[in-house]
Amino acid sequence: MAFTSPTFLLFVLCVVLVLGAVRSPRARAWLFLGANGVFLASHASRPIELLPLLAFVVLGYVLVEALRLTRSSALLWVGLSLVVGSFVWLKRYAFLPSSLGLPLVYAVVGLSYILFRVVHLMIDAKQGELGSRISPLSFFNYTASFLTLTAGPIQRLSEFERGQGETAPLTEGVVFRCFARIIKGFIRLSVVSAIFNYLFATVSGRLLDPQATLGWSQSFGAYLMSAVFYTIFLYANFAGYMDIVIGIGGLLGQSLPENFDRPFAARNFLELWTRWHITLSQWFRTYVFNPLLQLLAARVSNPRLAPYLAVVVFFVTFLLMGVWHGASSVFVLYGLFMGAGASVNKLWQVLAVKRLGKARYKALGEKPSVVYVSRGLTFAYFALGLSCLWLSLPELLAVASRLGASGVLLGYVGVSLGAAVAFRGWDLLEAGLERLRGVAWNAPGLVAQNLALGLQVLLIVSVSSFFHKAPEFVYRAF
Amino acid sequence: MKPLLVQLARLGGAVLALYAALLVITLVAVPLARGDAGPLDASRAASSLYLTEPKYVFMERGRLNTPTDKVLVLGASNSLVGFKQAELQRLLPDREVHNISVGGSNITQLGQIVELVREVQTPAARRHDTYVLGLWYGVFASDQARWYTPDRHAGDTDIDIERYRYGFFRRGESGAVPLLPPRFLSSGAALIHPYLVADQLARDVTQSLRERLSGKPHKLTDQERNARVVSDAERQQYLAFWRNYMGSVDSLSDAPFARLRRTVDAIRADGGKVVLVDMPIPRWHAQGSTLHADYERRMAQLLPELEALDGVAVLRLSGDDDDDFSDEVHPKPRVTPRWAEELAALPLFHDDNQREDHEYRSTLRQADAGFSRRIR
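The structure displayed is predicted, hence computed values, not measured ones.

A. Quick peek at the overall build of chain A. Helix and strand content of chain A: 18 helices and 0 strands. For 478 residues, the compact-globule estimate of 2.2 N^0.38 gives 23 Å, and the C-alpha radius of gyration of chain A, at 24 Å, lies within 12% of that figure. Viewed in the frame of its principal axes, chain A has a C-alpha envelope of about 65 × 60 × 55 Å. Looking at chain A as a whole, 38% of its 478 residues qualify as buried. For chain A, the proportion of contacts with a sequence separation of at least 24, taken over those separated by at least 6, is 75%.

Following this line, the structure appears as structure tokens:
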């Protein structure tokens, strides 16, 4: 069931109407289970295709319960190995011999995000933070909620449970805001991401066409444009999906965490990851970065080395985050690239503070020219790094060898400067519109608000009719 | 629940009101007819509100439901370029000539277009159809190679895309299922008018950007095409393109040939006629392609079999001079009058009483058979 399909909208409408008519939390939980089951079933043509995924959930439940009861460190390590091993096996990572794979076609939709939730529960159970037993019904609804199964956000159990109890009746204001959020999501997903997907496909098609005989400058331009278009496409696609599920969650009385916060306003690579896929970053910070840093800090006695420990731990964390994205070798390269970005960024911060002092470093970072250049450099690094998500390893190497090291560097500088100028222009435009709105637009009435929403709906339908294939939600693949 | 239903009603009302307003505005600004009356000519698609050949043919086919003798030219881009509607019409003044060819078609898509035309025609109108099917090895590309590409839902042809685009059809288990009855096609086209206008506007505004990004060479004028000489390097590129495009280097598959036969049978079953045109390609292309050799081998067997059927004629179009083509498959504009003459010269188009003769001969055969049975 694709998020942009009428079937999904009909499904959501039914779920919202049915759940909205029921007040009992227990009955709502069972109905929600039914909805999750229907959503999962839509990803398989035969029930057997869902068995591996369900077995993974059951394994997670058994381990969480065992850890809650025993709080055994040994069991935690065994459990983590089992869960991560099963994940790697079910996802058919490239380094595993193909003969080891299950001899059947099966669904792995949402497996990555189920893994995050299961690991979170296992560690919390071991640390005694779970409290009482989680019922199997609640566990399944939490790990396989149709709202967050495909690509998050990665909600914590406590947040999820808050939305499962008695919920306040929906008011007209809440419903309008949820509708507006869902429609905004579709604008991003079906309009902005569709347009940039088209631009990306057109330009990257030229770049990767074996028949095309592009000169160096044409390859250079095509690669940079592809990288920029893909980044905007990915952002609009993923953020649009988030708007949709957060809006639907609101109609179901569930408050889902935000996953994006103007990521291209980030002034450095580390800040970017506090604004992009926020819940994933938080998960890695809680369950990888912090424990690793603590572990290293306990073993390194020299206090002068302390600031540099984070450099190493950032590298490892971002490497793991990159590798999580996919089962093929290009994702290792992606992880290395992201890891290098994070650790160089941290190293720069450490050295700059050492040289300039905290106050001067902070003051320097507030200068408008520095802000926009930093934003440009951050965007460009991220955009070039994302090439690993749309190029295979041989294609990536071919493009790199065609452009050469100087070409890649020149491209990085060029995209950085272009992005800096574009961000400055965008901010001026936004500020101008904001001023205009303040002068000319009082709070719109009910009719105007709904006409504005209606116009957006027509825009979505219109642009969808231009592109005969709505862009697939791209993070579904991860 | 009440606030939800109220909001749904408000939003629905807003959408309907806005759409009604847009419909009125676009109908006033861009009237429906817009000079699209007359015979169908898919080469005019780009200047119509439909912009592309598949959409033009899909939306305009309702005009073919008339009880007049019609010649329906159907094929890929070489049929569109090679059989100019106006040239053919001049040579066949007592018939309506329509060119409903769609660039990039394979046999499956040609079959779909025939189905779409039949869908909007009454049985009486179908009896007046003469389909001219332009054949060469390129239209025998396998569906797997042609329609299973990342830019579309797996297996959707360009015609399928038009079927689903505005919801006139829905995707069923075994193919497209019509949602809008064919008799309401023109009403459907009027209802989606704002989308068609928006599509045209968007395409016009972005044309130059799209051309720059795609890096496609500009469309050649007739003069430029007449003067064009294909270099050796280009020949190699074209041959490599077709090897890649067809999904096989050595041989064509049986499926499209079987599909062609089914399409011919369907037209004949309605009382229509078929002209199968074996389209020429430049000699260098024919000699450099293993698939063309396989096509010729298969056609040497298939065409005589089909030609022997009532209502089927075969034309082996002459001329494979390299200089007659502006690229690997499309004839130069100076060549097309000759192609039109060869096609129009077929006896099938000049025997005014052929249908009556055919029916008379059928009656005689039936009478003979009855007589023979009675004798036994």
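Structure's up, so let's keep going.
B. A look at the overall build of chain B. Secondary structure assignment for chain B yields 17 helices and 7 strands. Here chain B has a C-alpha radius of gyration of 23 Å; the compact-globule value for 376 residues is 21 Å, and the two agree. Structurally, chain B occupies a C-alpha span of about 80 × 65 × 40 Å along its principal axes.

C. Molecular detail of the interface of chain B and chain A. Across the boundary between the two partners, chain B contributes 27 residues, which contact 29 residues of chain A. Going through the elements one at a time, helix H1 (2-29), helix H8 (158-165), helix H10 (193-214) and helix H12 (232-246) of chain B are the ones with two or more residues in the side of chain B that touches chain A. Top element by residues in the side of chain B that touches chain A is H1(B). It accounts for 10 residues.

D. Examining the domain arrangement of chain B more closely. Residue and element names in this part refer to chain B. Segmenting chain B into domains produces domain 1 (1-30) and domain 2 (32-368). The straight-line distance from the C-alpha centre of domain 1 to that of domain 2 is 39 Å. Taken together, the contacts link 6 residues of domain 1 with 6 residues of domain 2. Broken down by class, the residue content of the side of domain 1 that touches domain 2 amounts to 5 nonpolar, 1 polar and no charged.

E. Structural context of the sheet that holds strand E3 (residues 129-135) of chain B. Residues and elements named next belong to chain B. The strand order across the open sheet formed by 5 strands is E2-E1-E3-E6-E7, and the pairing between neighbours is parallel. Each edge of the open sheet is held by one strand with a lone partner, namely strand E2 (96-99) and strand E7 (312-316). Neighbouring strand axes in the sheet, compared pairwise and without regard to direction, differ in orientation by 20 degrees on average. Two strands pair when backbone bridges link them, and strand E6 (residues 273-278) and E7 are joined in this way by 5 bridges, in the parallel orientation. Note on E7: the bridge partner recorded for Val275 is Ala313. This element, helix H15 (residues 290-307), spans E6 and E7 of the sheet and lies at about 140 degrees to E7.

F. Representation of the domain arrangement of chain A. All names here are of chain A. The domain architecture assigned to chain A consists of domain 1 (6-162), domain 2 (172-256 + 442-477) and domain 3 (263-440). Contacts between domain 1 and domain 3 engage 12 residues on the former and 8 residues on the latter. Residues of the side of domain 1 that touches domain 3, tallied by class, amount to 7 nonpolar, 3 polar and 2 charged.

G. Representation of the confidence of the model for chain B. Residues and elements named next belong to chain B. Averaged over chain B, the pLDDT score is 89; the fraction of residues at 70 or greater is 92%. Within the model, pLDDT remains below 50 along residues 360-365, and this stretch shows 0 contacts once partners closer than five positions in the same chain are excluded. When the criterion is pLDDT under 50, residues 367-376 qualifies, and its contacts beyond four places in sequence or with other chains add up to 0 contacts. Interface confidence in the predicted complex, given as ipTM, is 0.82; pTM for the same model is 0.85.

H. Up close: helix H4 (residues 73-90) of chain A. With 18 residues, H4(A) should cover 26 Å at 1.5 Å per step; its first-to-last C-alpha distance of 25 Å lies within 8% of that length. Of the residues trailing H4(A), A:Arg92 is marked for its positive phi of about 55 degrees.

I. Structural detail: H1(B). Compared with the 40 Å implied by 1.5 Å per residue over 28 residues, the 40 Å span of H1(B) between its first and last C-alpha is a close match. Among all positions of H1(B), only B:Gln7, B:Arg10, B:Leu11 and B:Ala14 are buried.

J. Inspection of unusual backbone geometry at higher detail. Residue and element names in this part refer to chain A. For Arg92, which is not glycine, the phi dihedral falls at a positive 55 degrees. Following the sequence through the fold, Arg92 ends up in the loop between H4 and helix H5 (111-126). For Arg92, a count of 14 C-beta atoms within 10 Å gives the class partly exposed. Its identity as a non-glycine residue notwithstanding, Arg262 has a phi of 40 degrees, on the positive side. Turning to its location among the elements, Arg262 is positioned in the loop between helix H9 (216-251) and helix H10 (269-272).

K. A look at the environment of A:Ala352. By the element assignment, A:Ala352 lies in helix H13 (residues 330-356). Along the sequence, A:Ala352 and A:Phe8 sit 344 residues apart, while their C-alpha atoms lie 51 Å from each other.

L. Inspection of the environment of B:Ser326 at higher detail. Residues and elements named next belong to chain B. Here Ser326 is to be found in the loop between E7 and helix H16 (336-344). Considered as a pair, Ser326 and Ala344 are 18 residues apart in the sequence and their alpha carbons are 23 Å apart. Excluding its chain neighbours within four sequence positions, the residues that come into contact with Ser326 are Arg225, Arg228 and Lys332.

M. Inspection of the packing of H4(A) against H5(A) at higher detail. Residues and elements named next belong to chain A. Following both chains from N to C, one finds H4 and H5 inclined at 180 degrees, their axes separated by 11 Å at the closest point. Put simply, H4 runs roughly antiparallel to H5. Residue-level inspection shows Leu76, Gly79, Leu80, Val83, Phe87 and Leu90 of H4 in contact with H5, the latter providing Leu111, Leu115, Val118, Val119, Met122 and Lys126. A class-by-class count of the residues in the contact of H4 with H5 yields 10 nonpolar, 1 polar and 1 charged.

N. Main features of the pairing of E3(B). Residues and elements named next belong to chain B. Burial within E3 is extensive, with 7 of its 7 residues counted as buried. Alternating residues of E3 divide into Asp129, Tyr131, Leu133 and Leu135 and Thr130, Val132 and Gly134, and every residue in both groups is buried. Pairing geometry for strand E1 (residues 70-74) and E3, over 5 bridges, is parallel. Residue pairing in the sheet places Lys70 in a bridge with Asp129 of E3. Across 6 bridges, the pairing between E3 and E6 is parallel.

O. Structural detail: the environment of B:Ser186. Within the fold, B:Ser186 resides in helix H9 (residues 185-191). Expressed as a C-alpha distance, the spacing of B:Ser186 and B:Arg61, which sit 125 residues apart in the sequence, is 9.5 Å.

Parameters at a glance
- Residues numbered from 1 in each chain as written.
- Chains lettered and ligands numbered in written order.
- Predicted model: local features only at pLDDT ≥ 70, side-chain atom pairs only at ≥ 80, totals over all residues.
- Helix = DSSP H or I, 4+ residues; strand = E, 2+ residues; numbered from the N terminus.
- Rg over C-alpha atoms; globule rule 2.2 N^0.38 Å.
- Buried ≥ 20, exposed ≤ 12 C-beta atoms within 10 Å, placed from the backbone.
- Contact = placed C-beta atoms within 7 Å.
- Domains from an automatic or database assignment.
- Nonpolar A, V, L, I, M, F, W, Y, C, P; charged D, E, K, R; others polar.
- Pairing = 2+ DSSP bridges.
- Axes fitted to C-alpha atoms, helices over the stretch in contact; angles between N-to-C directions.
- pLDDT = per-residue confidence, 0-100.
- Expected span 1.5 Å × (residues − 1).
- Parallel < 35°, antiparallel > 145°, perpendicular 65-115°, else oblique.

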